[in-house]
Amino acid sequence: MSDLKTSLDAIKDKNFGYFFDKDKCYIYHTKFGRERKEEILKNEDIKTKFEKLTENIYKENGDTFGTLKKAFKEYLQYFGDKDTIHIKFYENGKFLRTKSEIVNKFSETFGKKIDEIDFNQGNFNDETFKQWWDKSINSARMQGNATNLLKDKGKLIENLKKIKEAAKSETLTKLFEALSKVEGMSATARELAYFLQFNLESNDKFPLANDAMINMAKYIFEMLNEDSKKKLEDIKKETTKTRNEEIYFNFVLDELKINENSYNLPKYYILDQFLNLIDKIKKSDLALIAKEKLAENDLDQSAYYKLYKAAYDFANLCGKADIKSNDLEGFKKLLKTHKNIIFHGIPGTGKTYTIVNNVKNIIKNENQMLITQFHPSFSYEDFIEGIKPAGIENGQLKLELKNGIFREFCDKAKEEEKGFLEKLEKGNFNEALSDHGYFFIADEINRAELSRVFGELLYALEYRGEKGKIKTQYASMRDDEDFYVPENIFLLGTMNDLDKSIDSFDLALRRRFIWQEMECDYDVIRDEIYANNIEEYAQACKKLNDKISKDIGEKYQLGHSYFLKIEFKNDEIKDSDMKKLFSNRFEALLKEYLRSEYNEKEIQTHLDDLKKLFVIEKNDDKNK
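Analysis parameters
Sequence positions are assigned chain by chain, starting from 1 and proceeding in written order. Given that the model is predicted, a residue must reach a pLDDT of at least 70 before its local features are reported, and side-chain atom pairs must reach 80 or more before they are shown or counted; all residues, however, enter totals for whole chains, interfaces and linings. Side-chain measures here rest on the full set of heavy atoms in the structure, leaving out hydrogens and waters. The pairing criterion for strands is at least two bridges between them, as found by DSSP. Secondary structure is summarised from DSSP: a helix means a run of H or I of at least four residues, a strand means a run of E of at least two, and numbering begins at the N terminus for each. To define axes, lines are fitted to C-alpha atoms, for helices over the stretch in contact only, and angles between the resulting N-to-C directions are given on a 0 to 180 degree scale. Any two residues having at least one pair of non-hydrogen atoms within 4.5 Å are treated as being in contact. For Phe, Tyr and Trp, rings pair up if their centres lie within 6.5 Å, where Trp contributes its six-membered ring, and each pair is then called stacked (planes under 30 degrees apart), edge-to-face (over 60) or tilted (otherwise). Working definition: with a 1.4 Å probe on protein chains only, accessible area under 20% of the residue-type maximum means buried, over 50% means exposed, and in between means partly exposed.

> I tried to follow the sheet that holds strand S2 (residues 24-29) on my own but got confused; where do I start?
Spatially, S1-S2-S3 is the arrangement adopted by the three strands of the open sheet, whose pairing is antiparallel. Since the sheet does not close on itself, it has two edges, and those belong to strand S1 (16-21) and strand S3 (37-39), each with one partner. Taken over all neighbouring pairs, the strand axes of this sheet differ in orientation by 30° on average, direction set aside. In terms of strand pairing, S1 meets S2 through six bridges, oriented antiparallel. Bridge assignment links Asp-21 to a residue of S2, and that residue is Lys-24. The sheet strands contacting helix H1 (residues 2-9) are S1 and S2, and the helix crosses S1 at an angle near 160°. Of the strands in this sheet, S1, S2 and S3 are in contact with helix H2 (residues 46-78), which crosses S2 at around 55°.

> For this particular structure, what's the right way to read the pairing of strand S6 (residues 385-393)?
Within a regular strand, side chains alternate between the sheet's two faces. Note: S6 against strand S7 (residues 396-403), seven bridges, orientation antiparallel. Along S7, the bridge assignment pairs Gly-386 with Lys-402. Linking S6 to S7, which pair antiparallel, is a turn of two residues; within it Asn-394 sits at a positive phi near 55°.

> Is there a simple way to explain unusual backbone geometry in this structure?
Trans is the common state for peptide bonds, and a negative phi is the common state for residues other than glycine. Positioned with a positive phi, Lys-241 is a non-glycine residue whose angle comes to about 60°. Turning to its location among the elements, Lys-241 is positioned in the loop between helix H10 (228-238) and helix H11 (244-256). You will see that Glu-444, though not glycine, has its phi angle at about 50°, which is positive. Relative to the elements of secondary structure, Glu-444 occurs in the loop between strand S8 (438-443) and helix H20 (450-454).

> I keep staring at the packing of aromatic side chains and nothing clicks. Help me out?
Any two aromatic rings considered together are summarised by their centre-to-centre distance and by the angle between their planes. Tallying each qualifying case throughout the model produces 28 aromatic pairs. With a centroid separation of 6.1 Å and 35° between ring planes, the pair formed by Phe-331 and Phe-343 is classed as tilted. Of this pair, Phe-331 sits in helix H15 (residues 328-337) while Phe-343 is found in strand S4 (residues 340-345), placing the two residues twelve residues apart along the sequence. Judged by its relative accessible area of 4%, Phe-331 is buried. You can call Phe-343 buried: its relative accessible area is 7%. Plain terms: the ring middles of Phe-383 and Phe-440 are 5.7 Å apart, the flat faces sit at 75° to each other, and that makes the pair edge-to-face.

Here it is, written out as structure tokens:
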């Protein structure tokens, strides 16, 4: 094998990668990951073998996308009047639920259409705008934009004037140029501009260019073009002064053949829904369709299922359909044997995001999940039950026994416990989980004084159902039965290993939970960042963490969410971008980590060494 390894190391193609697994060796294309690999034998010509592998990958990409295009057109033909999981067409296209409803909510809130507001009149109400924003388009990803947007009314009005003017742009490239004048809210500006130009009566002028849609259009462009960089350069020669984003969107439009408005829907709206489908599709969606028992011989239902199956197959070619770090099937297996789980690890590994995302992909109703963040003043009275003020009566403060959030949640779950157990007896665990499972998520669980919060609940957590009945501290004030934690309750907690309050977990409580560690996932970095040199960047991130682990300690490493904050241009991550990320995001945090071990001079030396290490190695560096 040593001769083969020497030959493999001699390959300079940046798209080429290899790995050994037991007594076999595999080659793979770095863009598409180890999942799409090919075994290589020591007597085979490596270059020819890799060229054939690459050819097969792009042929598979094209064939799978062709199946998806056909399924999408069939869906448009037969399902234009349906409201489904991801695709949102309604009443034959005359009312588009997702976009026009947002625009209509603006009109209802202000009494005027979104494009009729005259910010120069001075009667603009930023509080009303905030209400519309929160109800209509805000999300976890947009919260930072909302904060920046709303904190300064003067700046807000000036920005909205610029966005309103920019929305008149005829192309996406011109829109981006016009929005460059908007301060500190680029993602928000693009979203609002889309709603300002949205018109059901005529073709929209540019697509919804949020980050997810741009990345998905680019992803398709790169999936279908083997030399995507050259393809992009050739197109730009023909269409001067056109931004990459517009090229990506137009490429997908051309592939879908929906430039003509043949479906009585705005073409960019159709494109938006198509890209959204691929971006959001999960295996659980296919299971949900199958659960509704859609008949294969019914043409409408068949078109619906075939679209989702084709979207999943295409998105999953690069692992886009089910994010590996979420590992939904592994999560379910864990739930099958454990009902009390703590997800812990270094900061920035997406612990809360992963749990919430997985639970959302399982449950049928949003009432089956409750998330709360623990904190130092969180108490037994907040969690289980306690005496609390209930107003004034006859001039006296009235006190009542009130349930805490966990007891209330358990009471809701008890209504579904019987159905949960019946389906378990029949061996239908996934169905029991989806229909009747209840998930209580305690974010940063170790920040509270847990022995006080949980009280006598330790017994009920270990012995679920009526066999685990307990008398609570206020049992004498109740006429109802004793308290127990139902069989269909899952208690999930998150915590950072670095948090000093980890000591609040006493041994008795620790034994009631199983502990799942989450580490920096470099595959997430590869999947989420679209750069030509993403493999080199991922390796640089790992090298930095290895050094931190060696010099400071394993628990001080950086999670993948820190590395996702890199900002770069022209599809290439440069050393200057990485130095900026290090200075703005890592340095202050690492300085705090080092402070307990070193003096100020030594701290700076260590920081300088780490910063020098965090670079993308050139080929010359690797060969030294």
